[in-house]
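Residues per chain are reported as follows:
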Amino acid sequence: MQYEYLFWSMAAMVAAALVGGSLCGRLGSVKHVLLGVAALAAAVGVAVFLLSRHGGFSELSAMLSIAAFMFSLVIGAAASLLTRRILQRR
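Computed from a predicted model, the values in this text were never measured in an experiment.

### Some points on helix H3 (residues 61–89)
Phase 1 of the analysis: Under the 1.5 Å per step criterion, the end-to-end length of H3 is 41 Å for 29 residues, consistent within 8% with the ideal 42 Å.
Phase 2 of the analysis: Along H3, the residues that are buried comprise Ser61, Leu64, Ser65, Ala68, Ser72, Gly76, Ala77, Ala79, Ser80, Thr83 and Arg84.
Phase 3 of the analysis: Tucked into the core, H3 has its buried residues touching helix H1 (2–24) and helix H2 (30–54).

Now the structure itself:
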C-alpha cells in the first residue's frame, strides 16, 4: 500500500511540474521563467519532504525530496521552454 501511495505522489508531482512549468513559461523573460521554475521546484521539494515524514517514508524523506526537487526542476524547465517556444511561434 505504501508503494502505491508513493507512485501516485510522484505522478502528482510530475503533473504539478508540467502545469507549473507551462505557467512559468508565460512570464516575460527567460530569467523570470527560470526563477519561477526554481521556486516551484523548491516548493515541491519542501512539500515532498514534509509529506513523506507523515506518509511512512520518514527514513527516505531526504532522498525523496531531493529527487522530487530535481525531477520537477528538469520537467518544469522543459515545459516552460516549450511553452515559450510555442507562444513565440504564434
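### Quick look at a nonpolar patch on the surface
Phase 1 of the analysis: Residues Val46, Phe49 and Leu50 make up a contiguous nonpolar surface patch of about 260 Å² in total accessible area.
Phase 2 of the analysis: As for its placement among the helices and strands, leucine 50 is situated in helix H2.

### Structural notes on the packing of aromatic side chains
Phase 1 of the analysis: Counted by the stated rule, this structure contains one aromatic pair.
Phase 2 of the analysis: Ring geometry for phenylalanine 7 versus tryptophan 8: centroids 5.1 Å apart, planes at 75°, classification edge-to-face. Each of the two residues, phenylalanine 7 as well as tryptophan 8, counts as exposed.

### Some details on the environment of glycine 45
Phase 1 of the analysis: With respect to the helices and strands, the residue glycine 45 is situated in helix H2.
Phase 2 of the analysis: Separated by ten residues in sequence, glycine 45 and leucine 35 have C-alpha atoms that sit 15 Å apart.
Phase 3 of the analysis: Residues within four places of glycine 45 in sequence aside, it is in contact with Ser65 and Phe69.

### Considerations on the side chain of threonine 83
Phase 1 of the analysis: Along the polypeptide, threonine 83 turns up in helix H3.
Phase 2 of the analysis: Residue classification places threonine 83 among the buried residues on the basis of a relative accessible area of 14%.
Phase 3 of the analysis: Apart from residues no more than four positions distant in its own chain, threonine 83 is found in contact with Ser22, Gly25 and Arg26.

The rules behind these values
- Each chain has its residues counted from 1, following the order in which its sequence is written.
- Thresholds applied to this predicted model are a pLDDT of at least 70 for local features of residues and 80 or more for the giving and counting of side-chain atom pairs; totals over whole chains, interfaces and linings are not thresholded and use all residues.
- Side-chain numbers come from the whole structure's heavy atoms, not from hydrogens or water.
- Put simply, DSSP marks the helices as runs of H or I at least four residues long and the strands as runs of E at least two long, and each gets a number from the N terminus on.
- One less than the number of residues in a helix, times 1.5 Å, gives the span that helix is expected to have.
- Any residue under 20% of the maximum accessible area for its type is buried, any over 50% is exposed, and the rest in between are partly exposed; the area is computed with a 1.4 Å probe on protein chains only.
- Contacts: residue pairs with any heavy atoms within 4.5 Å of one another.
- Here the term patch refers to residues with relative accessible area over 30% and no salt bridge, with like charges joined within 9 Å and nonpolar side chains (Val, Leu, Ile, Met, Phe, Trp, Tyr) within 5 Å.
- Computed by Shrake-Rupley with a 1.4 Å probe, the accessible areas treat only the displayed protein chains as cover when residues are assessed.
- Criterion for a salt bridge: a side-chain nitrogen of Lys or Arg within 4 Å of a carboxyl oxygen of Asp or Glu.
- Stacked, tilted and edge-to-face are the three classes applied to pairs of Phe, Tyr and Trp rings, where Trp contributes its six-membered ring and a pair requires centres within 6.5 Å; stacked means planes under 30 degrees apart, edge-to-face means over 60, and tilted covers the rest.

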